[in-house]
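Here is what each chain is made of, one letter per residue.
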Amino acid sequence: MRPEGLAAEEILSRLHDLGAHRLRRVVLRRNRSTIWSLTSRRTVLNLHVAYRRAPDDVIAAFAVLARETGRRSAAYREARRRVARWPGLAPELRRIRSRARPQRPPSEGVGHCCATPAQRVYLQRLYRWLNHTRFDGMLPPMVPIRLSSRFSRRLGQLVPGMEGERRVVAEIALSADLMLEANARELVDTLVHEMAHAANYLMDGEVGHGPKWRAWARRAGCRDRATCSAPVRRRGSRKAVPKRVPALPEGWRDAAGGG
């Protein structure tokens, strides 16, 4: 095997030799969490790039996954365990995750913020109150929080970063739609959702919506799913950025230390 591993076409050829004749294409992806998937009616196998260097027994396991239609069969379950436990996967995942986000100190942030000065103050106070009441003050006392007028579907995102060898929160970004009065509940839930990502990253070194993140989300009392199922009101135009500053929760000043 070459130092860089097998090309996608070579993996596909090996899978065909192992009986996975239905496959038409293998796609190598630099994912941060998803390690494999079958798409396009099970004719396309999406593989994490780490598997370019996988040994023959792991490639054979992927052939089983591509051939088996009964996902509850013993062969299918054993193949899933084999590809997930291959020792070469974890180091590559860690390497990609460490480079997946901008390595910026938290003071710089990442993108343009459309919030007014009053909204920025509000978001920091709300964050400190939630840190105190939902996370027992375990998160940093202040992180960059911005409003984005460009989010069309997502409500929020956390951007992890590094300061030397130390993990930091580069920013939390929230959709400007959340400042609409009709979205008061979703504003809090989304911010807590992203703060759970911050806890998962800072404490556990993980990103994504895995089991440890779900545990943080349940502990903090927010939805433990990747997407929001509640109805969210949207602005009529991206240019119509709301200037509204919601009321802070009762007792925020004492809980957040004022300021």
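The shown structure was predicted, so the numbers you read here are calculated from the model rather than taken from an experiment.

Engineer: Any details on the packing of helix α1 (residues 8–17) against helix α2 (residues 56–67)? Residues and values, ideally.
Structural biologist: Interaxial distance between α1 and α2 falls to 9 Å at its minimum, and their mutual angle equals 70 degrees. For the element pair α1 / α2, the angle class is roughly perpendicular. By crossing handedness, the relation of α1 to α2 is classed as right-handed. The segment α1 lies against α2, with Ile-11, Arg-14 and Leu-15 engaging Asp-56, Ile-59, Phe-62 and Ala-63. For the contact of α1 with α2, the residue count by class is 5 nonpolar, no polar and 2 charged.

Engineer: Describe in detail the nonpolar core, supporting the description with residues and values.
Structural biologist: Judged by nonpolar contacts, the single largest core of 39 residues is most densely connected at Phe-135, Leu-139, Ile-172, Leu-174 and Met-195. Broken down by element, the residue count for this core peaks at 9 residues, all from helix α6 (residues 184–204). Every residue in contact with Leu-174, bar those within four places of it in the chain, is listed here: Leu-123, Ile-145, Arg-146, Leu-147, Ser-148, Phe-151, Leu-155, Gly-156, Leu-187, Thr-190, Leu-191 and Glu-194. Core analysis: the next-biggest nonpolar cluster, separate from the first, contains 30 residues, Leu-6, Leu-47, Ala-54 and Ala-63 among them.

Engineer: Give me the lowdown on α6, citing residues and values where you can.
Structural biologist: In this model, α6 (21 residues) spans 30 Å end to end at C-alpha, consistent with the 30 Å of a helix rising 1.5 Å per residue. Here α6 lies mainly inside the structure; 16 of its 21 residues are buried. Within two residues after α6, Gly-205 carries a phi angle of roughly 75 degrees, on the positive side.

Engineer: Could you give an account of unusual backbone geometry, with specific residues and numbers?
Structural biologist: The backbone of Ser-40 sits at a positive phi, close to 50 degrees, despite the residue not being glycine. Relative to the helices and strands, Ser-40 is located in the loop between β2 (36–39) and β3 (44–48). With a phi close to 55 degrees, Asp-136 is a non-glycine residue in the positive phi region. Structurally, Asp-136 is set in the loop between α5 (117–134) and β4 (145–148). A relative accessible area of 57% places Asp-136 in the exposed class.

Cut-offs and rules
- Residues numbered from 1 in each chain as written.
- Predicted model: local features only at pLDDT ≥ 70, side-chain atom pairs only at ≥ 80, totals over all residues.
- Heavy atoms only, no water.
- Axes fitted to C-alpha atoms, helices over the stretch in contact; angles between N-to-C directions.
- Helix = DSSP H or I, 4+ residues; strand = E, 2+ residues; numbered from the N terminus.
- Parallel < 35°, antiparallel > 145°, perpendicular 65-115°, else oblique.
- Left-handed = near helix turned anticlockwise from the far one by under 90°.
- Contact = heavy atoms within 4.5 Å.
- Nonpolar A, V, L, I, M, F, W, Y, C, P; charged D, E, K, R; others polar.
- Core = buried A, V, L, I, M, F, W, Y, C linked by side-chain atoms within 4.5 Å.
- Buried < 20%, exposed > 50% of the residue type's maximum accessible area, 1.4 Å probe, protein only.
- Expected span 1.5 Å × (residues − 1).

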